[in-house]
Amino acid sequence: MAFVDISTLDPTHTVVVATGNAHKVTEIEAILSPVMDGVRFLALGELGDYPDPVEDGQTFHDNALIKARAALDETGLTMAVADDSGLCVDALGGAPGIFSARWAGEHGNDDANNDKLLVELADVPAEKRGAHFHSSVVLVQRDEDGEEVLSGEGDCTGSIGFKRRGNSGFGYDPLFLLDDVPGKTMAELEPEEKNALSHRFHALQDLASKLR
């Protein structure tokens, strides 16, 4: 990912996306750019090597807000978007929830997280393995008068399978069977198909509706 000199940017027409994932920026830009005309979207990772903030919020919204505010504090820009997402399993009382990425102990260890999920649900029958992915997307805008926060929420419903299937996606995608595409896990979808059904897509649409 190429670095961009912050001093060359127009803060009133730049949105920093609190991620190092270029694909996530593309997805966010595709939905928000029609309602944020003339704005350039850049990943935080394109602007420098910044430390990750401590995500100690109690909800997905809290953690997304923490990331967006940290991106503004670190870059000095005036608009930031961040999302926080996770898997909520009915039989586990909504766990892993906001702890999804680090549920097995190590942040981002997808294999360990999926192994733990299969163990936790080992004795749970198919009809009781309902689950959903949830996403909160937050846009923070700052000016001389203070700060404005807008947010969008989105879900993707399904259930947890008994074994991994598919090679696309990440996280819990190989175990998540979608209601919208019966018989397929999230990891068996093409990226374009997944993006059109995902919880983040729905959350971004919700946010975009508030910007029109």
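Given the structure is predicted, the values throughout are model-derived calculations rather than measurements.

(A) Layout of the pairing of strand β2 (residues 40-43). Of the strand pairs in this sheet, strand β1 (residues 14-17) and β2 are connected by four bridges, and their pairing is parallel. Its bridge partner lying in β2, T14 is registered against R40. Viewed along the sheet, the connection from β1 through helix α1 (residues 22-32) into β2 turns out right-handed.

(B) Region of the structure containing the packing of α1 against helix α6 (residues 199-209). Two elements in contact, α1 and α6, have axes whose closest approach is 9 Å; the angle formed by their N-to-C orientations is 35 degrees. Crossing handedness for the pair α1 and α6: right-handed. Each of K24, E27, I28, I31 and L32 in α1 lies in contact with α6, whose residues at this interface are R200, F201, L204, Q205, L207 and A208. Here the residues of the contact of α1 with α6 sort into seven nonpolar, one polar and three charged.

(C) How the structure looks around the pattern of salt bridges. Within the structure shown, the criterion is met by twelve salt bridges. E27 is paired through a salt bridge with R200; the nearest N and O atoms lie 3.2 Å apart. Residue E27 is found in helix α1, and its partner R200 is found in helix α6; the two are separated by 173 residues along the sequence. Each of the two residues, E27 as well as R200, counts as buried. For R142, the salt bridge identified is with D73, shortest N-O distance 2.9 Å. Within this pair, whereas R142 is found in strand β4 (residues 130-143), its partner D73 is found in helix α3 (residues 60-75), the two being separated by 69 residues in sequence. Since its relative accessible area comes to 55%, D73 is described here as exposed. Through salt bridges with shared partners, a single ionic network connects K24, E27, D83 and R200.

(D) Layout of the nonpolar core. V15, I28, L32, M36, F41 and V81 are the most contacted members of the largest nonpolar core, which totals 20 residues. Put simply, the parts of the chain that give this core at least two residues each are β1, α1, β2, β3 (79-89), β4 and α6. With five residues, the single largest contributor to this core is α6. Look past the residues within four positions of M36 in its chain and what remains in contact with it is V15, F41, M79, L139 and L211.

(E) Geometry of the sheet that holds strand β6 (residues 176-178). Within the open sheet, the six strands sit side by side as β2-β1-β3-β4-β5-β6. Their pairing is mixed. A strand with exactly one partner marks an edge of an open sheet, and here the two such strands are β2 and β6. Across the sheet, the mean angle separating the axes of adjacent strands is 35 degrees when strand polarity is ignored. Note that β4 and strand β5 (residues 146-160) share 14 bridges and pair antiparallel. Following the sheet pairing, H132 is matched in β5 by T157.

What counts and how
Residues numbered from 1 in each chain as written. Predicted model: local features only at pLDDT ≥ 70, side-chain atom pairs only at ≥ 80, totals over all residues. Heavy atoms only, no water. Pairing = 2+ DSSP bridges. Helix = DSSP H or I, 4+ residues; strand = E, 2+ residues; numbered from the N terminus. Right-handed = clockwise from strand over helix to strand, strands pointing away. Axes fitted to C-alpha atoms, helices over the stretch in contact; angles between N-to-C directions. Left-handed = near helix turned anticlockwise from the far one by under 90°. Contact = heavy atoms within 4.5 Å. Nonpolar A, V, L, I, M, F, W, Y, C, P; charged D, E, K, R; others polar. Salt bridge = Lys/Arg side-chain N within 4 Å of Asp/Glu carboxyl O. Buried < 20%, exposed > 50% of the residue type's maximum accessible area, 1.4 Å probe, protein only. Core = buried A, V, L, I, M, F, W, Y, C linked by side-chain atoms within 4.5 Å.

Such coordinate-based values are descriptive only and should not be taken to indicate function.
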